[in-house]
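# Tertiary structure, described
The chain contents come next:
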Amino acid sequence: MENPMVKCSIANCEYWEQGNNCSAEVIMIEVNAHSNKPQPEKLDGLPYDSEHQDSAGGITDTCCQTFEERTH
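A brief look at the structure comes next. (Residues numbered from 1 in each chain as written. Predicted model: local features only at pLDDT ≥ 70, side-chain atom pairs only at ≥ 80, totals over all residues. Heavy atoms only, no water.)

### Considerations on the overall build of the chain
The line we're drawing: The helix and strand labels rest on DSSP assignments: H or I over at least four residues marks a helix, E over at least two residues marks a strand, and numbering proceeds from the N terminus. Burial status follows relative accessibility: with a 1.4 Å probe on protein chains alone, a residue under 20% of its type maximum counts as buried, one over 50% as exposed, and anything between as partly exposed. We call two residues in contact whenever any of their non-hydrogen atoms come within 4.5 Å of each other.
Secondary structure assignment for the chain yields 0 helices and 4 strands. Counted from the first residue to the last, the chain has its helices and strands arranged as β-β-β-β. Every one of the 72 residues in the chain was classed for burial, and the buried ones make up 15%. Restricting the contact set of the chain to residue pairs at least 6 apart, pairs at least 24 apart contribute 56%.

Encoded structure:
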């Protein structure tokens, strides 16, 4: 299965590419209620948390956990 195109406007993210495209291999989206929750699992060879499920009331209730600040 081909991955869908993911658009992102966060230009200081490591995975941001020209045209507001996301180049991350795995994208984790979480509810804002968990935004301050420690995320022990990272992309570096470890899976993201896929053991729980949440419900969002709308688009403003979600956030991207894949963000990694660009260092160069």
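### Digging into unusual backbone geometry
A positive phi angle, close to 60 degrees, is found at Asn 20, a residue other than glycine. One can find Asn 20 in the loop between strand E1 (16–17) and strand E2 (21–22).

### A look at the side chain of Thr 66
Cut-off, in case you're wondering: Whenever two N or O atoms come within 3.5 Å, that pair is a polar contact, provided that in protein one can donate a hydrogen and the other can accept it, and provided that, for residues adjacent in sequence, both atoms are side-chain atoms.
Note on placement: Thr 66 falls in the segment after strand E4 (62–64). Looking at Thr 66, its side chain comes within polar contact range of the main-chain nitrogen of Met 28, at 2.6 Å.

### Considering the environment of Gly 58
For Gly 58, the position within the fold is in the loop between strand E3 (29–31) and E4. Accessibility expressed as a relative area gives 31% for Gly 58, which makes it partly exposed.

### Some words on the side chain of Glu 30
Structurally, Glu 30 can be placed in strand E3. With residues up to four places along the chain from it excluded, the contact list for Glu 30 reads His 52, Asp 54, Asp 61, Thr 62, Cys 63 and Gln 65.

### Details of the state of the cysteines
Going by this rule: Criterion for a disulfide: a pair of cysteine sulfur atoms within 2.5 Å.
Under the defined criterion, the tally for this structure stands at 0 disulfides. The closest cysteine sulfur to the non-disulfide-bonded Cys 8 is located on Cys 13, 5.8 Å from its own sulfur. Unpaired in this structure, Cys 22 has its nearest cysteine sulfur neighbour in Cys 8, at a distance of 5.9 Å. Cys 22 sits in the partly exposed class, given a relative accessible area of 21%.

### Section: the environment of Asp 54
Among the structural elements, Asp 54 can be located in the loop between E3 and E4. Of the residues examined, Asp 54 reaches a relative accessible area of 39% and is grouped as partly exposed. Each C-alpha atom, one on Asp 54 and one on His 34, is 9.9 Å from the other, the two residues being 20 residues apart in sequence. Not counting residues within four places of it along the chain, the set of residues in contact with Asp 54 comprises Glu 30, Val 31 and His 34.

The quantities given are spatial measurements derived from coordinates; they are silent on function.
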